[in-house]
Each structure stands twice: as C-alpha cells, then as structure tokens.
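# Structural characterization, general
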Amino acid sequence: MQKRKYIIDPGSRFLSVYGDAVMYRQPNVALVRRGRTTEVLAYGNAALEFGTLPEHSVLVRPVSQGVVRQPDVLGAVLRKIFEQFIPLTPFRAVELYVIVPSGLGIVERENVEKAVAAGGYKDITLIEAALAFLPRFDGGDAMVADFGGGVTDVGVINSGGIVSAYTVDIAGDAVDEKIKNVLLQNKNFKIDSAAAERVKCAIGSLYTVDSSAVSVIGQDILDLRNKNYEITATQIAPAIHYCYSRIMDVMESLLTSLPRQKQEEVMLNGLYVAGGGAMMNGLTDYLQRGLRLPVYIDKDPETAVLRYAAKLVSDPRYSAVLGEKGK
Ligand SMILES: Nc1ncnc2c1ncn2[C@@H]1O[C@H](COP(=O)(O)OP(=O)(O)OP(=O)(O)O)[C@@H](O)[C@H]1O
Ligand SMILES: [Mg+2]
C-alpha cells in the first residue's frame, strides 16, 4: 500500500500541514479553555476572529522562538486539523514529517513528537529545516537559511546531509520588537507589536536609500495622546539592519568555520533563502554584498520549506539523508 506523506510545520507564526492535496496554513494560535483537559474552542484565523472571548478562555500561541512551549495545545489543534483533512482510518497508512529548527534539544524534540502524536498518527519523522532545502539545488555544498518569525535557521548542507547548522533566535518577532524600541527612543512614539509588523512589511528595507513611508496609529508618550504618525523607511532602518546583520554574522562564522575546500564550494554554489522574513526588501543585495556569494531567494518564500520537504520525502534520491525512513 502506498503511504501518504504529509509535512507538518509547527512554526512560531504559522502552523502548516501540506501534502496529498492538503494545504493548511494558518496562524499558529488557539483559543483554549483549560479544565481537567485542554479544550480548543477555535484555532488559526477563527481563533483570532472570535470576538468576545468566552469565560475562562485564553488565546495561546503554542510555539515561540521555534520551541513548542505548550505541546498539549499544539496536539489538540493538530488532532482537529487531522480530523478534518486526514481522518484516521485503519486502511490508511500515513507518514508524518515534521519541520524543526536545528537547535532543538532532546526534550524539545520529544515535545514536538508528543504533540504531533496526539493527533493520532504514530509514524513521525523530524526534519531539520536546513535539510529540507536539499532538493532546491543539485549536490555540492551550499548555504541555506530559513528566516522565520521566531528563529532563523542557517546551515551548510550537501547531498550527504547537514554539514553544520545553527539556529539564531533573531527573526521576524525580534525585528518587530526592535522597530518598537527605535520609535519609542527616537520619536517618543509607542506602537504595539502588530503595528510594528505592519510597518515592517509595508516599508521595511535593507536598501540604504529608501523613501517609502506609511502612517500608523500609536501613542505619543509625552502627552499620552493617540496619534496618527507617518513613519519612514529611514527611521526604522537601524532596527532592521541590526537584526539582519546579526543573522549575517552567524552565516559568516558558519562559513569561516568550514574547511577551505568546502568554503570555496559554498562561495561558488551560494546561499538559498526561504521563510517569511526573506520577503524583506533588498535582502538579496544585502546578503550578496555582505557575504560575497550568489544569493537565491525563493519566489514564494513562505511555503518554500514545505514544498522542498515534500520533495525530499518523496524522491528516492534523498532517501539516504532521511535515514531509516528513506527505505
Ligand atoms: N514583507 C515582509 N518583510 C519582512 N518580513 C516579513 C514580510 N512578510 C512576512 N514577514 C515575516 O515573516 C515572519 C513569518 O515567517 P514564517 O511564516 O516563515 O515563520 P514561522 O515558520 O511561523 O516561524 P519559525 O520558523 O520562526 O518558527 C513574520 O515575522 C513576518 O513578520
Ligand atoms: Mg518556519
């Protein structure tokens, strides 16, 4: 019997389930009522749009900075998603592949497995985000990076698997926080994280000259009045540069820690980039200039890792790097 394979990405921002004509991708958030058991009242967009919250219920983001903090909540959400998209039947062999950051410890990995197993299926394999990029290019050593919301995964990989990888806890959320701080310190203007993210996505840029602007509502902390304020790309540039340069520093040190020959090969093959944070304006030029290697950003970076992973688990050429499962 042909097994059905699904990729699950329990991201800090988005929870995705992909494969076999299923594409679920919604904010990784649940409206939860806790009693003797964890009751999920709504999840994803429906949880965010719930309106007045019922008594004793709270909004929970079960994953932050790439780590599953609340496995019971993630498990309960996955159970509902599976019920809808891949209902459990005795005649259905299902393999689940779960994307995880490279930097997870043993207990953190066990928590991911536990949460996914709560969905009902037991055939679970974890895939490190960096490894998922393998089908994106042919052989050789190359650098890869997944710019997420909570973490950025950076690695050097080749057809034999991961050469080295590192998870940086600077990603989209950190950029939003930094934007808030910069506006507070330099303009006495206070905005919330959601507004900071909107500003980032609208006018955030790594280009040195960028005259975009956007208006946003926030609080003037001097007179405590709410105001509509025009924010320019130049004002938030220091926040964006700070975060992305930290990530680039990690890339550089991964590169320089490689043996000479591998280093040269990576410089030739380049850097493959995906994840929501890869949509930052000017990122290709910024990385190319900083690292002096070719940079390739996926055209649809938000779903890229899912698509790569689906290829990885279905193409027998990659079976060796998946170990036991690849057979
Ligand atoms: N145009 C844009 N410019 C910059 N960042 C963006 C843009 N669009 C989305 N993002 C950021 O992408 C991030 C979400 O990316 P992604 O969906 O890859 O995260 P995730 O997989 O849920 O998180 P993680 O991999 O860290 O667990 C958010 O921080 C969001 O602000
Ligand atoms: Mg991710």
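As the structure is a prediction and not an experimental result, all values here were calculated from the model.

## A look at the site of ligand 1
- The environment of ligand 1 is made up of 22 residues, and the closest members are Gly 11, Arg 13, Gly 148, Gly 172 and Gly 276.
- The element best represented in the shell around ligand 1 is helix H6 (residues 193–203), accounting for three residues.

## Things to note about the domain arrangement of the chain
- Here the chain is partitioned into domain 1 (4–122), domain 2 (133–170 + 240–302) and domain 3 (177–238).
- Here the C-alpha centroids of domain 2 and domain 3 sit 28 Å apart.
- Listed by partner, the interface residues are 10 residues for domain 2 and eight residues for domain 3.
- Secondary structure elements with two or more residues in the side of domain 2 that touches domain 3: helix H7 (233–256) and helix H9 (283–291).
- The dominant element in the side of domain 2 that touches domain 3, judged by the number of residues it contributes, is H7, at five residues.
- Its residues assigned to classes, the side of domain 2 that touches domain 3 shows seven nonpolar, three polar and no charged.

## With respect to the pairing of strand E2 (residues 14–19)
- By the criterion of burial, E2 is predominantly enclosed, with six of the six residues buried.
- Burial of the side chains of E2 extends over both faces: Phe 14, Ser 16 and Tyr 18 are buried on one face and Leu 15, Val 17 and Gly 19 on the other.
- Taken together, the four bridges between strand E1 (residues 4–10) and E2 define a ladder with antiparallel strand orientation. Paired with Asp 9 across the bridge in E2 is Ser 16.

## Quick look at the pairing of strand E11 (residues 142–147)
- The element E11 is largely enclosed, with a buried count of six among its six residues.
- Alternating residues of E11 divide into Ala 142, Val 144 and Asp 146 and Met 143, Ala 145 and Phe 147, and every residue in both groups is buried.
- With six bridges connecting them, E11 and strand E12 (residues 152–158) associate as antiparallel partners. By the bridge assignment, Ala 142 is partnered in E12 with Ile 157.
- Counting the residues in the hairpin turn of E11 and E12 gives four residues.
- Of the strand pairs in this sheet, E11 and strand E17 (residues 271–274) are connected by four bridges, and their pairing is parallel. Residue pairing in the sheet places Met 143 in a bridge with Leu 271 of E17.

Conventions and cut-offs
- As a convention, each chain's residues are numbered from 1 in the sequence order in which they are written.
- Chain letters start at A and ligand numbers start at 1, both assigned in the order the entries are written.
- Only residues with pLDDT of 70 or above have their local features reported here, since the model is predicted, and side-chain atom pairs are shown and tallied only from 80 upward, although totals for entire chains, interfaces and linings are computed over all residues.
- Nearness rests on one distance test: the residue's C-beta atom, set from the backbone, must lie within 6 Å of the molecule or strand.
- Strands here mean DSSP runs of E at least two residues long; helices mean DSSP runs of H or I at least four residues long; both are numbered from the N terminus.
- Throughout the structure description, domain borders are defined by an automatic or database domain assignment.
- Any pair of residues counts as being in contact when their C-beta atoms, constructed from backbone geometry, are within 7 Å of one another.
- Residue classes follow a fixed rule: Ala, Val, Leu, Ile, Met, Phe, Trp, Tyr, Cys and Pro count as nonpolar, while Asp, Glu, Lys and Arg count as charged, and any other residue, Gly among them, counts as polar.
- With C-beta atoms placed from the backbone, the exposure class of a residue follows from how many other C-beta atoms lie within 10 Å of its own: 20 or more, buried; 12 or fewer, exposed; in between, partly exposed.
- Criterion used throughout: strands pair if DSSP finds at least two bridges between them.

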